[in-house]
Amino acid sequence: MLLRCLILLCALLLDSTAAAAAEVDVVIDTAERYVKLQTQGMPGEVKITMGRLDVERLPPCSAHEAYAPPGTRLSGRTHIGVRCLGPNIWSVLVPVQIAVTGNYVVTARPLGAGQTIQEGDITVVAGDLSTLPNGIVGSTVDAVGKTLRNSVAAGQPLRGDQLIAPLVIRQGQTVRVISRGTGFAVSSEGRALNNASVGQVAQVRMNSSGQTVSGIAQADGTVEIGF
């Protein structure tokens, strides 16, 4: 009789351990699927390594939901939250390592503030983007011809917020304004009311009407208004 009780107790313990292990597997899988979804389209090659969930047992759950805790950066060593929506209410943090290997631009020599970047001033290297600050420049095309806001030592990664795009429109100059719509384009002239780089908003006072309009500065120095 005692032996049968011991066997039954062991079986119950094994079932309980297996159920807890299965619950942990579901939680980790939920977190991993969330990370894969959120990192789709990131530049470079993304490698995800899930950590161990350090809990002895999680109550049964029929519906899981993954989320990023406030301030979470989806790169490097981080945590993804998983909450149970029912029948029990709980939440845990799952450790994860997100490595993103790709190309980025670094300075080939020391560069000074106000210097316009040339091809020979920079080079492209490959590495783990998750260890770098946000806004890293990934191509020389995005840097050449732009001006540095601050001095940068040799071998330093370039960030987009360190670069000033050249002006294509200057305040006071006469500019051509092109209004485009489906099947039509109308061109007229006006005077620029502000400086603008490519992609920035330019305000123009039209010569014909005196009306002030806003459009997007183009690389050829025109201002385009879409309808």
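See above for the structure.
This section reports on the structure supplied with the text. Note that this is a predicted model, so its numbers are computed, not measured.

Attention now moves to the overall build of the protein. A count of helical and extended segments in the protein gives one helix and 14 strands. Counting only contacts in the protein whose residues sit at least 6 apart along the sequence, the fraction spanning at least 24 positions is 52%. Of the accessible surface of the protein, which amounts to about 13,600 Å², a share of 54% is contributed by carbon and sulfur atoms.

Formed by 25 residues in total, the largest nonpolar core has its most connected members in Val-27, Leu-53 and Val-94. Where this core is concerned, the elements lending two or more residues are helix 1 (2-38), strand 1 (45-50), strand 2 (61-67), strand 3 (76-87) and strand 4 (90-107). When residues in this core are grouped by element, the largest group, eight residues, is from strand 4. Ignoring anything within four residues of it in the chain, the contact list for Leu-53 reads Val-24, Val-27, Ile-28, Leu-58, Val-92, Leu-93 and Val-94. Core analysis: the next-biggest nonpolar cluster, separate from the first, contains 12 residues, Ala-196, Val-204, Ala-217 and Val-223 among them.

On the surface, a cluster of nonpolar side chains totalling about 350 Å² of accessible area is made up of Phe-184, Val-186 and Phe-227. Note on placement: Phe-227 falls in the segment after strand 14 (223-226). According to the relative accessible area criterion, Phe-227 is exposed, its value standing at 71%.

Within the secondary structure layout, Asn-134 lies in the loop between strand 5 (122-128) and strand 6 (147-148). Residues Asn-134 and Asp-161, 27 residues apart in the sequence, show an inter-C-alpha distance of 9.7 Å. For Asn-134, the residues in contact, after removing those within four places along its chain, are Arg-73 and Arg-159. Within the structure, the side chain of Asn-134 is placed 3.5 Å from the side chain of Arg-73, a separation counted as a polar contact.

What follows concerns the sheet that holds strand 9 (residues 174-181). Read once around its circumference, the closed barrel built from five strands follows the order 9-10-12-13-14, with strand pairing classed as mixed. For this sheet, the mean inter-axis angle between neighbouring strands, taken without regard to orientation, is 50°. Pairing of strand 12 (residues 201-206) with strand 13 (residues 212-217) involves five bridges; the strand directions are antiparallel. Each bridged residue has a counterpart across the sheet, and for Ala-202 the counterpart in strand 13 is Gly-215.

About the criteria used
- Residues numbered from 1 in each chain as written.
- Predicted model: local features only at pLDDT ≥ 70, side-chain atom pairs only at ≥ 80, totals over all residues.
- Heavy atoms only, no water.
- Helix = DSSP H or I, 4+ residues; strand = E, 2+ residues; numbered from the N terminus.
- Contact = heavy atoms within 4.5 Å.
- Areas by Shrake-Rupley, 256 points an atom, 1.4 Å probe, with all protein chains shown as cover.
- Core = buried A, V, L, I, M, F, W, Y, C linked by side-chain atoms within 4.5 Å.
- Buried < 20%, exposed > 50% of the residue type's maximum accessible area, 1.4 Å probe, protein only.
- Patch = residues over 30% accessible without salt bridge, like charges linked within 9 Å, V, L, I, M, F, W, Y side chains within 5 Å.
- Salt bridge = Lys/Arg side-chain N within 4 Å of Asp/Glu carboxyl O.
- Polar contact = N/O pair within 3.5 Å; in protein donor to acceptor, adjacent residues only side chain to side chain.
- Pairing = 2+ DSSP bridges.
- Axes fitted to C-alpha atoms, helices over the stretch in contact; angles between N-to-C directions.

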